[in-house]
Amino acid sequence: MNVGAQDPGLRLALARSGRAAKAAAFVGLAIAGWCLGLLAWGEGRWPAVAVMVPLFWILAPTRWSAGAVGAVYAMATVRFLPALGGTWFASTAVGYALWAAIGLISGGLFALCWPRKSTHARVIAACVILLLAGLLLSVVVPGHAIVGWGYVLPGRGWFGVAAMFVATAALGWGLRVGLPARWPGRGRGWVAWPLLAALVVLVPVGAEKPDPKAGRVAGQVGAINTAWGPYPEPGSMEVIRRVTKIGEATETLAGGEGGLVTVVFPEAIIGSYESSLFPVLENEIFYRTRQTGQTVVLGADVMIGRGRYQNAAIILRPDGTSSWIAARQSAPFGQWRPWSPEFHIPSDWLAPSVVALGAGVRARIMFCHEEYMPILHLLSEAREDHNLVIAISNLWAASDGVANTVQSAHTEGMARLFGRPWIRSVNSAAVARPVLANRGIMEFN
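Residues numbered from 1 in each chain as written. Predicted model: local features only at pLDDT ≥ 70, side-chain atom pairs only at ≥ 80, totals over all residues. Heavy atoms only, no water.

**Student:** Before we move on, can you summarise the overall build of the protein with the specific residues and values?
**Tutor:** When helices and strands are counted, the protein shows 14 helices and 13 strands. The proportion of buried residues among the 445 residues of the protein is 53%. When contacts within the protein are restricted to residue pairs at least 6 apart in sequence, long-range pairs at least 24 apart make up 72% of them. Carbon and sulfur atoms provide 64% of the accessible area of the protein, an area that totals close to 19,200 Å². (Helix = DSSP H or I, 4+ residues; strand = E, 2+ residues; numbered from the N terminus. Buried < 20%, exposed > 50% of the residue type's maximum accessible area, 1.4 Å probe, protein only. Contact = heavy atoms within 4.5 Å. Areas by Shrake-Rupley, 256 points an atom, 1.4 Å probe, with all protein chains shown as cover.)

**Student:** Could you give me a rundown of the nonpolar core, with the residues and numbers involved?
**Tutor:** Counting residues in hydrophobic clusters, the biggest one holds 83 residues, and the most contacted among them are Trp41, Met52, Phe56, Trp57 and Ile146. For this core, the leading source of residues is helix H9 (residues 157–182), giving eight residues. Ignoring sequence-local partners within four residues, the contact set of Ile146 consists of Leu135, Val161, Met164, Pro374, Leu378, Met414 and Leu417. Ile224, Ile270, Phe286 and Val296 belong to the second largest nonpolar core, which has 22 residues in total. (Core = buried A, V, L, I, M, F, W, Y, C linked by side-chain atoms within 4.5 Å.)

**Student:** Could you give me a rundown of the packing of helix H11 (residues 237–252) against helix H12 (residues 278–292), with the residues and numbers involved?
**Tutor:** For the pair H11 and H12, the least separation of the axes is 9 Å and the interaxial angle reads 5°. One finds that H11 runs roughly parallel with respect to H12. Contact residues: Ile240, Val243, Thr244, Ile246, Gly247, Glu248, Thr250 and Glu251 in H11; Val280, Leu281, Glu284, Ile285, Arg288, Thr289 and Thr292 in H12. For the contact of H11 with H12, a count of residues per class yields six nonpolar, five polar and four charged. (Axes fitted to C-alpha atoms, helices over the stretch in contact; angles between N-to-C directions. Parallel < 35°, antiparallel > 145°, perpendicular 65-115°, else oblique. Nonpolar A, V, L, I, M, F, W, Y, C, P; charged D, E, K, R; others polar.)

**Student:** So what's going on with the pattern of salt bridges? Which residues, and what values?
**Tutor:** Under the counting rule described, the total for this entry stands at 10 salt bridges. One salt bridge in this structure joins Arg290 and Glu282, with 2.7 Å as the shortest N-O distance. The partly exposed category is assigned to Arg290, whose relative accessible area is 43%. Via salt bridges that share partners, Glu208, Glu412 and Arg416 belong to a single interconnected network. (Salt bridge = Lys/Arg side-chain N within 4 Å of Asp/Glu carboxyl O.)

**Student:** Break down empty space enclosed by the protein for me, with residues and values.
**Tutor:** Rolling a probe over the atoms, with the probe sized like a water molecule, indicates the empty space that remains. Counted according to the given criterion, the structure contains two cavities of 30 Å³ or more. In this structure, the largest cavity encloses a volume near 140 Å³. Taken together, 17 residues line the largest cavity, and the ones lying closest to its centre are Val53, Phe110, Gly143, His144 and Ala145. A per-class count over the lining of the largest cavity returns 12 nonpolar, five polar and no charged. As a volume, the second largest cavity reaches approximately 30 Å³. Lining the second largest cavity are Phe80, Ala83, Leu84, Ala398, Ser399, Asp400 and Ala403. A per-class count over the lining of the second largest cavity returns five nonpolar, one polar and one charged. (1 Å grid on protein atoms, 1.4 Å probe; cavity = no way out; pocket = protein on both sides within 12 Å on 5 of 7 lines; lining within 4 Å. Points joined across faces, edges and corners; volume = space filled by probe spheres on them.)

Given below as structure tokens:
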């Protein structure tokens with residue numbers, strides 16, 4: 001007869017001990033998720049740390065603590081969102097609501113994918129499913145592990161993608177099934193967690209970090225950073241002023257040794273494009289590029305129907321012709337708003353993303369929010385021939401450089417994974433400083 005099992009006081013003590021252990025695990029994993037987000041994303045950080053997130057998740061003792069890892073990690077990754085969203089929507093409450101929603105969605109994803117039973121097949125399948133589901137939900141779940149693998153295995157391409165799945169599943173199985181089998185009852189606590197902590201320290205040592213000087217020039221294609229602030233009102237003098245400065249900056253960067261044949265400007269830098277704007281483009285840009293032989297890429301929102309727009313990159317060629325290519329996914333709620341009759345930018349993940357820029361350059365163009373979406377990078381790599389990645393972004397609502405650094409690291413990681421040269425043009429909040437026309441800096445305001 002088991003006397004202890006019949007003792008109500010002992011059963012209550014064991015129940016309380018179990019609840020305390022689960023609460024401690026929840027808090028501990030939430031703290032771990034926050035630390036992983038801070039270590040991986042930001043100025044001078046190590047995105048390679050993102051490869052560790054699924055391993056912390058698979059060791060979670062409960063579904064709630066598994067969700068805590070994903071929720072807090074995502075919120076740490078986009079810790080700038082309350083300020084950015086608050087500025088965009090002119091409401092601090094909305095900014096925090098968006099931040100919380102990112103956490104809830106990411107936490108829900110991690111919780112749903114977590115396997116309750118520690119069988120070999122379930123643990124391996126769960127690791128693979130989490131990575132696949134994270135790719136599909138990257139429109140709202142930032143910081144996918146595959147970006148970190150771009151810094152761990154640069155230039156490995158699809159082999160690197162396969163290595164992510166194999167290594168994550170193998171390590172996840174080893175930590176949750178293999179070690180506990182060898183050290184019953186204490187495997188996770190005494191072996192697995194110290195091993196994970198060591199890996200967090202060692203992974204960045206062998207991995208590359210984002211290069212703050214990269215992403216400006218690739219061959220004779222260069223990206224311009226601006227500090228022009230919010231989108232200009234359609235038809236305003238601000239639009240004309242921007243077009244004029246674009247033409248002047250392009251001409252300044254032409255000719256001579258190191259001159260740029262193609263100059264790229266940020267997303268929606270001239271706001272909404274209207275046909276009445278074409279004469280201004282003719283006088284301020286085409287007039288110059290006919291003489292310099294340059295191509296200009298600039299961002300604008302193009303109306304395609306009542307209340308419907310495309311976030312586009314307009315390509316202005318030196319022969320006077322032009323074309324445009326549209327974003328495949330804009331920011332949910334802020335721009336992707338199918339419920340709104342006034343403003344909505346549709347999405348199409350299978351739309352073309354590559355454009356010929358001349359001189360043998362075939363560029364894949366990524367737009368702002370798309371930078372967080374490895375699935376779009378992978379679709380382009382699988383479907384379209386290209387030899388350059390161009391990212392154009394507009395972060396006028398960001399209050400500091402964290403948003404820009406985190407977003408840029410996502411694009412750089414995916415470009416590194418496939419060994420692609422890349423450049424990135426971004427517009428930030430307006431600042432009062434002299435105009436800089438140095439080709440090494442290429443910043444204008």
